[in-house]
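# Commentary on secondary and tertiary structure
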Amino acid sequence: MQLTNRSQVVVNKQMSFWEKMYLPAVLGGLAITIKHLFRKKVTVKYPEQKREMSGVYRGWHVLKRDEQGRENCTACGLCAVACPAEAITMTAAERKKGEEHLYREEKYAAVYEINMLRCIYCGLCEEACPKEAIFLTDRIVPSDFLRTNFIFGKDKLVEGNTSDTRIDISQRIKAHRKQ
Ligand code: SF4
Ligand code: SF4
């Protein structure tokens, strides 16, 4: 009984003399290879050579400081609530007298951690933050052999802790303010 009319009859076709030689097929393959030798290469020699990042690339987060070098984050927890991957944890602390030059507001994050293995780089933490404290940057999170090394604390997140230069996120701030 025939259920559909899609069945095909398989023919055991005999190969011709030239097909049995395989030479035309080999030469055809070589011609394709040689043609690609003269085309513009699509690969780059990473890490010596780096591609320009897309303007919308989201990578390693930064916890920003203000112009006076004080941490912007007030440990309100909105970023952690907004995070769909539950990658952010923090412990809030009260600013003490004499610490005004370190923290902008009365409350700050004594501990702030992001699990980079859980993070999906969606940028919702950046959108949720009312203090313009957290931004995603174009820095790539380096690879590692230990899972524990992907828990990034304030030593790796707060601006100025990993390098002396300020991280330029002006374009992201502009986009953030337009929302
Ligand atoms: S980028 Fe998304 S997943 Fe990563 S910490 Fe922020 S909100 Fe969570
Ligand atoms: S980064 Fe922003 S949203 Fe997250 S705790 Fe700090 S101030 Fe609140």
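Preceding this paragraph is the structure being described.
Structure report, in brief. Predicted, not measured: the structure shown is a model, and the values here were computed from it. (Residues numbered from 1 in each chain as written. Chains lettered and ligands numbered in written order. Predicted model: local features only at pLDDT ≥ 70, side-chain atom pairs only at ≥ 80, totals over all residues.)

### So, the site of ligand 2
- Surrounding ligand 2, one finds 13 residues, the nearest of these being C73, C76, C79, C129 and I134.
- Per-class residue counts for the shell around ligand 2 are 10 nonpolar, 2 polar and 1 charged. (Near = placed C-beta within 6 Å. Nonpolar A, V, L, I, M, F, W, Y, C, P; charged D, E, K, R; others polar.)

### Describing the site of ligand 1
- As a matter of local geometry, ligand 1 sits amid 15 residues, with C83, C119, C122, L124 and C125 nearest to it.
- Looking at the shell around ligand 1 residue by residue, the class counts come to 14 nonpolar, 1 polar and no charged.

### Points about the environment of I140
- When you line up the elements, I140 lands in the loop between β4 (134–136) and β5 (151–152).
- Its 12 C-beta neighbours within 10 Å are what place I140 among the exposed residues.
- When the C-alpha atoms of I140 and R58 are compared, they prove to be 8.7 Å apart, with 82 residues separating the residues in sequence.
- Apart from the residues within four sequence positions on either side, I140 is in contact with G59 and W60. (Helix = DSSP H or I, 4+ residues; strand = E, 2+ residues; numbered from the N terminus. Buried ≥ 20, exposed ≤ 12 C-beta atoms within 10 Å, placed from the backbone. Contact = placed C-beta atoms within 7 Å.)

### A look at unusual backbone geometry
- Note that the residue after Y46, namely P47, is joined by a cis bond; omega there is 10°.
- One can find P47 in the loop between α2 (23–37) and β1 (61–63).
- Notably, Y22 is not glycine yet its phi reads approximately 65°, a positive angle.
- Position of Y22 relative to the elements: it lies in the loop between α1 (17–21) and α2.
- With 10 C-beta atoms counted inside 10 Å, the residue Y22 sits in the exposed group.
- One non-glycine residue with positive phi stands out, namely E132, at about 50°.
- Among the structural elements, E132 can be located in the loop between α4 (124–128) and β4.

### A look at the pairing of strand β3 (residues 107–115)
- Bridging between strand β2 (residues 88–94) and β3 involves 7 bridges; their strand directions are antiparallel. Paired with T89 across the bridge in β3 is E113.
- Both β3 and β5 contribute to a ladder of 2 bridges, which runs antiparallel. In the sheet register, N115 faces β5, and the bridge partner there is I151. (Pairing = 2+ DSSP bridges.)

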